[in-house]
Amino acid sequence: VRLKLFHPHILAGLGTGLVGSFTTFSTFSVVTVLLLRSGSIFMAFIYVLLSFAGGLFVTWCGYTLGRRMFKKRGEAAS
């Protein structure tokens, strides 16, 4: 009953994002553990480092692009 307070697109986005985050993190964890169990400690370290660094970099790129697009849209409206 309370879910009707939210637009269906918001609920779909939240649900997809939540489920997607669990599956992405579980895959990341399994790959890391498999690398460690196989004795590939260096590769596990590189995998974790690049995953975090890559994630932060792509997040920064999206944030920067979003700000530029929002700024241009605001300038066009003026």
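Residues numbered from 1 in each chain as written. Predicted model: local features only at pLDDT ≥ 70, side-chain atom pairs only at ≥ 80, totals over all residues. Heavy atoms only, no water.

Novice: Can you explain the overall build of the protein chain? Please cite residues and give values.
Specialist: Looking only at helices and strands, one finds two helices and zero strands in the protein chain. Computed over the C-alpha atoms, the radius of gyration of the protein chain is 19 Å, more than 25% above the 12 Å expected from 2.2 N^0.38 for a compact globule of 78 residues. Within the protein chain, buried positions represent 5% of all 78 residues. Total accessible area on the protein chain stands at roughly 7100 Å², and carbon and sulfur atoms take up 75% of it. (Helix = DSSP H or I, 4+ residues; strand = E, 2+ residues; numbered from the N terminus. Rg over C-alpha atoms; globule rule 2.2 N^0.38 Å. Buried < 20%, exposed > 50% of the residue type's maximum accessible area, 1.4 Å probe, protein only. Areas by Shrake-Rupley, 256 points an atom, 1.4 Å probe, with all protein chains shown as cover.)

Novice: Now, about the environment of Ser-51: what can you tell me, with residues and values included?
Specialist: Checked against the element boundaries, Ser-51 lands in helix 2 (residues 41-77). Expressed as a C-alpha distance, the spacing of Ser-51 and Gly-62, which sit 11 residues apart in the sequence, is 16 Å.

Novice: Outline the packing of aromatic side chains, listing residues and values.
Specialist: Each aromatic ring pair is described using two quantities: the centre-to-centre distance and the angle formed by the ring planes. One pass over the structure, following the stated rule, counts four aromatic pairs. Between Phe-25 and Phe-28, the ring centres sit 6.1 Å apart and the planes meet at 40°, which makes this aromatic pair tilted. In this pair, Phe-25 and Phe-28 are both assigned in helix 1 (residues 8-37), three residues apart and thus about one turn of the helix distant. Since its relative accessible area comes to 53%, Phe-25 is described here as exposed. (Phe/Tyr/Trp six-rings, centres within 6.5 Å; stacked < 30°, edge-to-face > 60°.)

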